[in-house]
Amino acid sequence: MDIVVFGAGSLGSLLGGLLARAHDVTLVGRDPHVSTVRKDGLRIEGEVEADVDPDADTTAPESADLVLVTVKSYDTAAAVEALADGDYGAVCSLQNGLTEERLAELDAPVVAGTASYGARLRESGLVDCTGVGRVVVGGLDRGPDPVAERVGRAFRAADVRTLVASDMPRRRWEKLAVNAGINATTALCRVENGALVGGDPPGKGENAPRLAREAAHETARVARAEGVPLSNRQARAAVERVASATATNRSSMLQDVESRSRTEVDALNGAVVDRAERHDVGVPTNRTLTRLLRAWERGAGVR
Ligand SMILES: NC(=O)C1=CN([C@@H]2O[C@H](COP(=O)(O)OP(=O)(O)OC[C@H]3O[C@@H](n4cnc5c(N)ncnc54)[C@H](OP(=O)(O)O)[C@@H]3O)[C@@H](O)[C@H]2O)C=CC1
Ligand SMILES: CC(C)(CO)C(=O)C(=O)O
């Protein structure tokens, strides 16, 4: 397959690099990473090791069988603009947050996707795989999707752990509940993910878990208003499962705050608030978390 990875930062370089073991891949990113990859190839270190030689450019090729979008969620509109005139067989987002609606503006079938691989671009031409997770792809609606099946086969051919799911709407909302619960809370409280599990000792340290739980419950309520069957109990269990499994992680939003960078709050808690308004569902916790993060971004001069 001819695959374009639009947004060759951490995740895009890792997955694009892994895909280059079986496909013709073009990484679209920034210099000096792009020129280093062109000259010396891309090295993957950490939990997976590989030396690969994908093509790389600062603008997207005009055609491809598949475009994977891996820019930060707030760059999705710019990505859509950059891809607008291309001829692409399918487009698939592996970003966090609800971004697929924007991609639907492109003249190509949209495949929904999530990634739980961990990636960090250490330097130009070198990406660390910090965790072998899984890519999940599927149709935007419930049921089998032949385009998603083709995309899934392409990932598997390159030995990327992949699931093709027929219940992506529920999975996307469950992941949104996890990110809405964990990311903003850990970023504002400056705690690792594990601080959101339980409340130990009893009576103390319960505020952060409660915030995360309420944000997840509200997300599930909005999901149900959208016709997606996600119970409060499932959303809360997902937050606790992921927070326990990643207890020593500093969430991506906490890392953004620590490095004084823009966060993805608009596509996470902000997206919950936007959808809630369409259905007249109250989401006070997500609204407050969103306002606090946006206020922090404004104060830090990154918005
Ligand atoms: N890193 C990870 O382990 C995981 C990340 N994700 C999700 O994946 C998405 C990407 O995250 P991550 O890889 O960490 O982010 P990065 O910032 O590392 O990567 C995005 C890259 O895209 C580049 N970019 C943005 N716009 C353009 C453009 N118009 N043309 C060319 N390049 C562009 C950025 O450059 P610049 O910064 O100069 O704009 C940056 O290098 C996020 O939604 C994140 O939540 C999901 C799972 C795991
Ligand atoms: C799953 C989780 C919460 C892991 O930290 C994540 O996706 C993130 O940090 O963005």
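Residues numbered from 1 in each chain as written. Chains lettered and ligands numbered in written order. Predicted model: local features only at pLDDT ≥ 70, side-chain atom pairs only at ≥ 80, totals over all residues. Heavy atoms only, no water.

Enquirer: Requested: an account of the site of ligand 2, with residues and values cited.
Expert: In the region of ligand 2, the neighbouring residues are Asn96, Asn179, Ile182, Asn183, Asn193, Val242, Asn249, Ser251 and Ser252. Within the side chain of Ser252, an N or O atom sits 2.5 Å from an oxygen atom of ligand 2. Here ligand 2 has 280 Å² of accessible area as a free molecule, and 82% of this is covered by the chains. Looking at the shell around ligand 2 residue by residue, the classes come out as two nonpolar, seven polar and no charged. (Near = heavy atom within 4 Å. Polar contact = N/O pair within 3.5 Å; in protein donor to acceptor, adjacent residues only side chain to side chain. Areas by Shrake-Rupley, 256 points an atom, 1.4 Å probe, with all protein chains shown as cover. Nonpolar A, V, L, I, M, F, W, Y, C, P; charged D, E, K, R; others polar.)

Enquirer: A description of helix α7 (residues 207–225) should follow, citing residues and the corresponding values.
Expert: Between its first and last C-alpha atoms α7 spans 27 Å; for 19 residues at 1.5 Å apiece the expected length is 27 Å, and the two agree. Residues Ala208, Pro209, Ala212, Ala215, Ala216, His217, Glu218, Thr219, Ala220, Val222 and Ala223 constitute the buried set of α7. Of the surrounding secondary structure, the elements contacted by the buried residues of α7 are α6 (168–189), α8 (232–245), α10 (269–279) and α11 (284–300). Of the residues flanking the end of α7, it is Gly227, one or two places downstream, whose phi is positive at about 90°. (Helix = DSSP H or I, 4+ residues; strand = E, 2+ residues; numbered from the N terminus. Expected span 1.5 Å × (residues − 1). Buried < 20%, exposed > 50% of the residue type's maximum accessible area, 1.4 Å probe, protein only. Contact = heavy atoms within 4.5 Å.)

Enquirer: I'd love a proper account of the sheet that holds strand β5 (residues 55–57), names of residues and values included.
Expert: Reading across the sheet, the eight strands line up as β5-β2-β1-β7-β9-β10-β13-β14 and stay open at both edges, with mixed pairing between neighbours. The open sheet is flanked by β5 and β14 (162–165), the only strands paired with a single partner. Each neighbouring strand pair of the sheet contributes to a mean axis angle of 20°, computed without reference to strand direction. Sheet topology places strand β1 (residues 2–6) next to strand β7 (residues 66–69); four bridges connect them, and they run parallel. Directly across from Phe6, in β7, lies its bridge partner Val69. Packing against the sheet, helix α1 (residues 10–19) makes contact with β1, β2 (24–28), β7, β10 (110–115) and β13 (135–138), and its axis sits at approximately 165° to β2. Packing against the sheet, helix α5 (residues 146–157) makes contact with β7, β10, β13 and β14, and its axis sits at approximately 170° to β14. (Pairing = 2+ DSSP bridges. Axes fitted to C-alpha atoms, helices over the stretch in contact; angles between N-to-C directions.)

Enquirer: Explain the site of ligand 1 to me, and be specific about the residues and the numbers.
Expert: Taken together, the neighbourhood of ligand 1 is formed by 18 residues, with Ser10, Leu11, Asn96, Ala119 and Glu264 sitting nearest. Between ligand 1 and Ser10, the relevant distance is 3.0 Å, taken from an oxygen atom to a main-chain nitrogen or oxygen of the residue. Side-chain polar atom of Arg30 to an oxygen atom of ligand 1: 3.1 Å apart, as the coordinates give it. In isolation ligand 1 has 880 Å² of accessible area, and contact with the protein removes 76% of it.

Enquirer: Please provide a residue-by-residue account of the confidence of the model for the chain, values included.
Expert: Looking at the chain, the pLDDT average stands at 96 and 97% of residues meet or exceed 70. For this predicted complex, the interface score ipTM comes out at 0.98, while the overall pTM is 0.96. (pLDDT = per-residue confidence, 0-100.)

Enquirer: Tell me about the UniProt feature "domain: Ketopantoate reductase N-terminal" (unreviewed entry) in the chain, and please be specific about residues and values.
Expert: According to UniProt, the positions carrying the feature "domain: Ketopantoate reductase N-terminal" (unreviewed entry) are residues 3–140. As a span, residues 3–140 carries 22% helix and 38% strand, and end to end its C-alpha atoms are 20 Å apart. (UniProt positions renumbered as here; feature names shortened; annotations may be inferred.)

Enquirer: Tell me about the packing of α6 against α11, and please be specific about residues and values.
Expert: Running from amino to carboxyl end, α6 crosses α11 at an angle of 45°, the nearest separation of the two axes being 10 Å. Taken together, the axes of α6 and α11 are oblique relative to one another. In this structure, α6 meets α11 at a crossing whose hand is left-handed. Listed contacts from α11 to Ala180, Ala184, Thr185 and Leu188 of α6 are Asn286, Leu289, Leu292 and Leu293. Among the residues forming the contact of α6 with α11, the class breakdown is six nonpolar, two polar and no charged. (Parallel < 35°, antiparallel > 145°, perpendicular 65-115°, else oblique. Left-handed = near helix turned anticlockwise from the far one by under 90°.)

Enquirer: Account for the pairing of β14, naming residues and giving values.
Expert: Sheet topology note: the β13/β14 ladder contains four bridges and is parallel. In the sheet register, Gly138 faces β14, and the bridge partner there is Ala165. Crossover handedness for the path β13 to α5 to β14: right-handed. (Right-handed = clockwise from strand over helix to strand, strands pointing away.)

Enquirer: Account for the packing of α7 against α10, naming residues and giving values.
Expert: One way to put it is that α7 packs onto α10 with a least axis distance of 9 Å and a crossing angle of 45°. Comparing the axis directions of α7 and α10 gives the class oblique. In this structure, the crossing between α7 and α10 has a hand that is left-handed. Between α7, through Thr219, Val222 and Ala225, and α10, the contact on the second element is made entirely by Val272, Arg275, Ala276 and His279.

Enquirer: So, the sheet that holds strand β11 (residues 118–123): which residues are in play, and what are the values?
Expert: Spatial ordering of the open sheet is given by β4-β3-β12-β11, a layout of four strands whose pairing is mixed. The open sheet terminates on both sides in strands that have one partner only, identified here as β4 (50–52) and β11. Taken over all neighbouring pairs, the strand axes of this sheet differ in orientation by 25° on average, direction set aside. Both strand β3 (residues 42–46) and β4 contribute to a ladder of three bridges, which runs antiparallel. Its bridge partner being in β4, Ile44 is matched across the sheet by Ala50. Across the sheet, α1 is in contact with β3, β4, β11 and β12 (126–131); its angle to β11 comes to roughly 100°.

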